[in-house]
Structure formats: structure tokens, C-alpha cells
Amino acid sequence: MSVHLRIEGARRGAEHYGPLVRRYAQRMLRALTLEAADLSLLVCDDRVMHRLNREHRGIDRPTDVLAFAMAEGMPMISVRAPLGDIVIAWPTAERQAREHGWSAEREVCLLLAHGLLHLLGFDHATRKTERRMMARTHLLMSTALPRRAAVDKLRRRSSKRTE
């Protein structure tokens, strides 16, 4: 398994999130039995993400995560196939984590899982596919986060509202 990490833009914070994202990615790939795959990760600031989002999607603002797949659909597991690139803007992840009331590490893990699923051909164009993708995202997060991180913190909180 080869997970390549690059950090671009402002370094404050990126040194913490870079190695963390790599560790999460290795755990997720192992859980998906994609140990032979190559994955490229870029942890960047909002300025870099803004530029990438404008260049590749024509959207003139930063976003939280971008995924650039090398091939469509599920990759071949037996070949050392490159999956693609995942770009995560750590300042956006930190802001979103504060808004959701959980740790930035959990948010970064969620963004990584989301990006990885896009590389594998999953999408969230309809409510049905969005629910499936979110379920898979939570499964991947549970393989990457330490047990004490409580991936289902959001579910517990939302289930209290419905009781």
C-alpha cells in the first residue's frame, strides 16, 4: 500500500493533519482490501483549495474536499492500481467541525472517507445514493478512528431528538 502525502499552502496545522490523514487512509484502504492501491493525498489551506476548485470545477470558492479518480468504477484489487488524488482543506475542516460540535480529527476522517468513496465510483446525486454513501462513510470512519472517537456521536445526538 502506498499513500503519498503532500502539504501545500500555510503550514500551521497542516503538519498535524497530514500524518493523521495518511494513517486514516492506510486503515481505510486495508479495510477495503485495497492494500495494493496507490493513493495520493494533499492537505492544503483554503487558498490552495480555492484555486483547485476554480481550475477543476469552475467554482470560485474553496471547498472542504476534492477527489480526482484515475479510473471510473471499482478498481482492480489485485493490481497496484493508482486510485487517484484526494485534497482536503484543513482550515475548512476545522470550521466545519466547530459547526457540527465534534473534533477536527473526526471531520478530516469524514472528508477522507467521502473522497475515497468518490474515487471508488460512489456518488450522492439522489437521496437514496446519498444515504448509501453516508452509511459507507461511517463504516470507513469506524475502521480509521480510534474506538474512543465515537463515530456514532452524531447518531446518538440525533436519536435523542426523535425520542
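See the structure printed just above.
A brief look at the structure comes next.

1. Examining the overall build of the protein
Looking only at helices and strands, the protein features six helices and four strands. Helices and strands appear in the protein in the N-to-C order β-α-β-α-β-β-α-α-α-α. Expressed as a percentage of the 163 residues in the protein, the buried residues total 41%. Counted over contacts in the protein with a minimum sequence separation of 6, partners at least 24 positions apart contribute 66%.

2. Quick look at the sheet that holds strand β4 (residues 82–89)
Think of a sheet as strands paired side by side through backbone hydrogen bonds, with each pair either parallel or antiparallel. Spatial ordering of the open sheet is given by β1-β2-β4-β3, a layout of four strands whose pairing is mixed. The two strands at the open ends of the sheet, each matched to only one other strand, are β1 (2–8) and β3 (65–69). Sheet twist, expressed as the mean angle between neighbouring strand axes with direction ignored, is 15 degrees. Relative to strand β2 (residues 38–44), β1 runs parallel, the two sharing seven bridges. Each bridged residue has a counterpart across the sheet, and for Ile 7 the counterpart in β2 is Val 43. Against the sheet, helix α2 (residues 46–57) engages β1, β2, β3 and β4, with an angle of about 45 degrees to β3. Of the strands in this sheet, β2 and β4 are in contact with helix α3 (residues 90–100), which crosses β4 at around 65 degrees.

3. Focus: the layout of surface pockets
Computed from the structure, the largest pocket encloses a volume of approximately 330 Å³. In terms of lining residues, the largest pocket is bounded by 16 residues, among which Asp 64, Leu 110, Leu 111, His 114 and Met 134 are the most central. When contributions to the lining of the largest pocket are tallied by element, the ones reaching two or more residues are α3, α4 (104–119) and α5 (127–144). When residues in the lining of the largest pocket are grouped by element, the largest group, five residues, is from α5. Of the residues assigned to the lining of the largest pocket, the class counts are seven nonpolar, six polar and three charged. Empty space within the second largest pocket amounts to approximately 220 Å³.

Conventions adopted
Residues numbered from 1 in each chain as written. Predicted model: local features only at pLDDT ≥ 70, side-chain atom pairs only at ≥ 80, totals over all residues. Heavy atoms only, no water. Helix = DSSP H or I, 4+ residues; strand = E, 2+ residues; numbered from the N terminus. Buried < 20%, exposed > 50% of the residue type's maximum accessible area, 1.4 Å probe, protein only. Contact = heavy atoms within 4.5 Å. Pairing = 2+ DSSP bridges. Axes fitted to C-alpha atoms, helices over the stretch in contact; angles between N-to-C directions. 1 Å grid on protein atoms, 1.4 Å probe; cavity = no way out; pocket = protein on both sides within 12 Å on 5 of 7 lines; lining within 4 Å. Points joined across faces, edges and corners; volume = space filled by probe spheres on them. Nonpolar A, V, L, I, M, F, W, Y, C, P; charged D, E, K, R; others polar.

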